[in-house]
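# Structural overview
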Amino acid sequence: MNRAGFQVLLIAVVIALLGVLSIYSSTYQKEGDIWQLIYKRQAFWLILGLLFFLLMYNFNYRRLWDWTYLLYGLAISLLCLVFILGIVRLGAQRWLKVAWLNFQPTELVKLVIIIFLARYFSTKSADDVSLKNHNLGIFRGLIVPLFFVCIPAALIIEQPDLGSGMMVVFIFLIIIFRAHVRLRYFFFFLAVAALSAPFFWHFLRGYQRDRLMVFLNPNVDPLGAGYTIIQAKIAIGSGGFFGKGWLSGTQSQLHFLPESHTDFIFANFAEAWGFFGAAVLIGLYYLLITRLFSIAESTYDSFGRLLAFGIASMLTIQVFINIAMNLGFAPVVGLPLPLMSYGGSSVLVTFISLGVLANISKSRT
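A brief structural summary. (Residues numbered from 1 in each chain as written. Predicted model: local features only at pLDDT ≥ 70, side-chain atom pairs only at ≥ 80, totals over all residues. Heavy atoms only, no water.)

## Things to note about the overall build of the protein chain
- Within the protein chain, the secondary structure is distributed over 12 helices and 5 strands.
- Relative to the globule expectation of 21 Å for 365 residues, the C-alpha radius of gyration of the protein chain, 20 Å, shows essentially globular dimensions.
- Summarising its shape, the C-alpha atoms of the protein chain cover approximately 60 × 50 × 40 Å along the three principal directions.
- Counting every position in the protein chain, which comprises 365 residues, the buried fraction comes to 53%.
- Within the protein chain, residue pairs in contact and separated by at least 24 positions form 73% of the contacts whose partners lie at least 6 positions apart.
- When the accessible surface of the protein chain is totalled, it reaches about 16,600 Å², and 70% of it is carbon and sulfur.
- Computing the positive centroid from 26 side-chain charges and the negative centroid from 15, the protein chain places the two 7 Å apart. (Helix = DSSP H or I, 4+ residues; strand = E, 2+ residues; numbered from the N terminus. Rg over C-alpha atoms; globule rule 2.2 N^0.38 Å. Buried < 20%, exposed > 50% of the residue type's maximum accessible area, 1.4 Å probe, protein only. Contact = heavy atoms within 4.5 Å. Areas by Shrake-Rupley, 256 points an atom, 1.4 Å probe, with all protein chains shown as cover. Lys, Arg positive; Asp, Glu negative; His and termini not counted. Charge placed at Lys NZ, Arg CZ, Asp CG, Glu CD.)

As structure tokens, this is what we get:
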């Protein structure tokens, strides 16, 4: 394995192991066999993720070009299948049951959309893959790719999963910007989206509106929609500089903090390890993300560059939004913290994505 790929793998494994420790910490006192299995399941997904990382590292990423439309069709089919056979939890229908495991197709869709857009904005010759002419008109440069992005985004939002649906749109914006589509089309889309925001407010579900209102003022509903974010802030603040120690937190151990093993695992970690531990974790993410963007910037062909840039951006946005959400700087949207939060689908797809990037770094040398 080359140096860049090894660095990516090493940092990812360290973060994932910290995630397993944090998940164990937040669940070991809870009653019921299901809670005792959660950290073991996460460890299983970590091992499976490592296997898929190695598989993708030895898989020529350029073959994804030929499989793009097949992958896109598979992604749409899985999203449709969720509405027929999906498991309902907490009012959301997002998971497909595979044997004794639950898989969330949304996580795979994010990667597939990146592959689709990377191909759309690239052209393939006999020897290389290069960027399309950046003088694409508004129809081919904006409307056509937006149409293909809106189909999975709408299906995801309908589950409902507003956070992941918006992530797909963010990925679209980042890639059209990086693909050098005319800037006036980019800003035109942003302007239309901003002007349409009041209109879409009426289509949000009640709890989604409550989350946005709580983001502006958590004390509006301190025992309801604002409860979780208030408890997350208390957990982070009570950790002090060095934290309360592993298995010694109050908000997470006494179960005041809901979802401390999933969306709010950062608050759980910060309570246990304090400001110092949180800074180390953020530092690890910084090293990982800068390594990913370095691979993207030094990749020669346009397909590989857009693919690497899209994956790096996707992970960056999810890390930023999740941590900001835990700190109360962003609305609660249900995005996991990559490699840390409990969830096999997220861990598996993240390692697959990192494996693709590692392969890109190998192919450029």
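There is more to say, and it comes next.
## Some remarks on helix H11 (residues 302–327)
- For H11, which comprises 26 residues, the first-to-last C-alpha distance of 37 Å matches the rise-based estimate of 38 Å (1.5 Å per residue) to within 8%.
- Counting buried residues along H11, 22 of its 26 residues qualify, which places the element largely inside the surrounding structure.
- Between the side-chain oxygen of the N-cap and the backbone nitrogen of Phe303 there are 3.2 Å, and the N-cap of H11 in question is Asp301.
- Downstream of H11 by one or two residues, Gly328 has phi in the positive range, about 85 degrees. (Expected span 1.5 Å × (residues − 1). Polar contact = N/O pair within 3.5 Å; in protein donor to acceptor, adjacent residues only side chain to side chain.)

## Description of the nonpolar core
- In terms of nonpolar packing, the biggest core is built from 106 residues, with Ile15, Leu64, Phe121, Leu307 and Phe351 touching the most fellow members.
- Ranked by residue count, the leading element in this core is H11, at 14 residues.
- Among residues more than four places away in sequence, those in contact with Phe351 are Leu9, Ala12, Ala16, Leu46, Gly49, Leu50, Phe53 and Leu339. (Core = buried A, V, L, I, M, F, W, Y, C linked by side-chain atoms within 4.5 Å.)

## Looking at unusual backbone geometry
- In this structure, Pro160 follows Gln159 across a cis peptide bond, with omega equal to 5 degrees.
- Inspection of the secondary structure assignment puts Pro160 in the loop between helix H5 (138–157) and helix H6 (162–178).
- In the Ramachandran plot, Glu259 falls in the positive-phi region, its phi being about 50 degrees despite a non-glycine side chain.
- The phi dihedral of Leu339 falls on the positive side, at around 75 degrees, and the residue is not glycine.
- Mapped onto the secondary structure, Leu339 falls in the loop between H11 and helix H12 (344–363).

## Points about the pattern of salt bridges
- One pass over the full model with this rule turns up 4 salt bridges.
- Measuring nitrogen to oxygen at the nearest pair gives 3.1 Å for the salt bridge that ties Asp301 to Arg62. You can see Asp301 sitting in the loop between helix H10 (265–297) and H11 and its partner Arg62 sitting in the loop between helix H2 (33–57) and helix H3 (63–85), a full 239 residues away along the chain.
- Look at Arg62 and you get partly exposed, because its relative accessible area is 31%.
- Salt-bridge contacts for Glu107 lead to Lys110; the nearest nitrogen and oxygen are separated by 3.5 Å. One end of the pair is Glu107 and the other is Lys110, both in helix H4 (residues 105–120) and 3 residues apart, which spans about a single turn.
- Take Glu107: its relative accessible area is 6%, and that puts it in the buried class. (Salt bridge = Lys/Arg side-chain N within 4 Å of Asp/Glu carboxyl O.)

Everything listed is a geometric property; what it means functionally is a separate question.
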